[in-house]
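# Coordinates in review
Below, each chain spelled out in residue letters.
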Amino acid sequence: MKIELHRKIEGTIKTLAIKREGRNYYAVFTTINDIKVPDVENTNPVGIDLGLDSFVAMSDGTKIEKPKFMRQKRKKIAKWQRIVARRKRGSKRRNNAKQRLQSAYTEAANQSDDYLHKLSTQLVNSGYTSFAVEDLRIQNMVKNHRLAGSIQDASWNRFIQMLSYKAESAGLRIEKVDARNTSKTCSNCGNIQEMPLSERTYICNRCGMSKDRDINASINILHRATTLGQRGSHAQGDMASAIQQESKSRIEELRTDKTHPLRDAVIA
Ligand SMILES: [Zn+2]
């Protein structure tokens, strides 16, 4: 049987599952591969804030914009949801619309996964030696629920997951920190002041520091990781679940669009 192979198969193939989703069939291979984790000295740690305007903001001043396709895909999903709701229950036309809705979902998930894979790989290969990130469980994602909703939460979760296991296998530490108040705290003097969401720049009313809101938060995240000291990587525990997730996402990866404009998204 012919197969469209999107990625080189690495390691020894252990299982193969054929999966059908809608009109498409996917081959999912599970392989075993020994990875030698290198010993990396932590000389270039970076803090990452899951931003409001940007997708992520980093303590070295790098900002990575939210991909535009996410909004476009959401629109498409909403459109087909309306059409499904409008059409008569049990009708052929409604079923057709349901199929279109399903493929809009799948498309969005694939594209988002593809983007997150690219981004996490890029970060792991950028010369950073460790990553400090928000612990989304502590954070309880309150700030995000109010803002962009569950799609954003889900993609941040996926992103941290991908970054964790990729960093781990490259010998880079991942430090998850309690990120409460990181937006309200001055990364220069530690002053805490109110920061309404409309405020895009942190201007400290004690020391006068002026910094992009999300970059300031990412520096605080980095500081927290450093003050936590040598507690060791938290990524280890997440590896098993990340790998499980990963095999799921491989299915998605097989379908990713090679011509996608964000495929080689460049870090600004
Ligand atoms: Zn200050």
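Up top you'll find the structure we're talking about.
Notes on the structure follow. The structure displayed is predicted, hence computed values, not measured ones. (Residues numbered from 1 in each chain as written. Predicted model: local features only at pLDDT ≥ 70, side-chain atom pairs only at ≥ 80, totals over all residues. Heavy atoms only, no water.)

## Quick word on the nonpolar core
Core analysis: the largest hydrophobic core is formed by 27 residues, its most contacted members being I48, F55, Y115, L123, F131, F159 and L163. Those elements giving two or more residues to this core turn out to be β3 (45-50), β4 (54-58), α1 (69-86), α2 (92-124), β6 (130-134) and α5 (150-169). Grouped together as the second largest cluster of nonpolar side chains are eight residues, I77, V84, L101 and A104 included. (Core = buried A, V, L, I, M, F, W, Y, C linked by side-chain atoms within 4.5 Å. Buried < 20%, exposed > 50% of the residue type's maximum accessible area, 1.4 Å probe, protein only. Helix = DSSP H or I, 4+ residues; strand = E, 2+ residues; numbered from the N terminus.)

## Here's the deal with the coordination of the zinc ion
C186 (SG), C189 (SG), C204 (SG) and C207 (SG) make up the full set of protein donors to the zinc ion, lying at 2.3 Å. For the zinc ion, the four donor atoms are set out with angles of 107 to 113° between them, so the coordination reads as tetrahedral. Within one chain, the residues serving as donors to the zinc ion are arranged as C-x2-C-x14-C-x2-C. Linking C189 in the loop between β7 (173-177) and β8 (201-203) with C207 in the loop between β8 and β9 (210-212), this pair joins segments that are 18 residues apart in sequence. What makes C207 partly exposed here is its relative accessible area of 34%. (Donors = N, O, S within 2.8 Å, 3.2 Å for Na, K, Ca; no water. Tetrahedral: all angles 85-135°; square planar, octahedral: opposite > 155°, others 65-115°.)

## Focus on the sheet that holds β7
Strand pairs in the sheet, formed through backbone hydrogen bonds, run parallel or antiparallel to each other. If you walk across this open sheet you meet the five strands as β5-β4-β3-β6-β7, and the pairing is mixed. Strands at the two margins of the open sheet, each flanked by one partner only, are β5 (63-65) and β7. Each adjacent strand pair in this sheet contributes to an overall mean axis angle of 20°, direction not counted. Note: β6 against β7, five bridges, orientation parallel. Across the sheet, residue E134 finds its bridge partner in β7, namely V177. (Pairing = 2+ DSSP bridges. Axes fitted to C-alpha atoms, helices over the stretch in contact; angles between N-to-C directions.)

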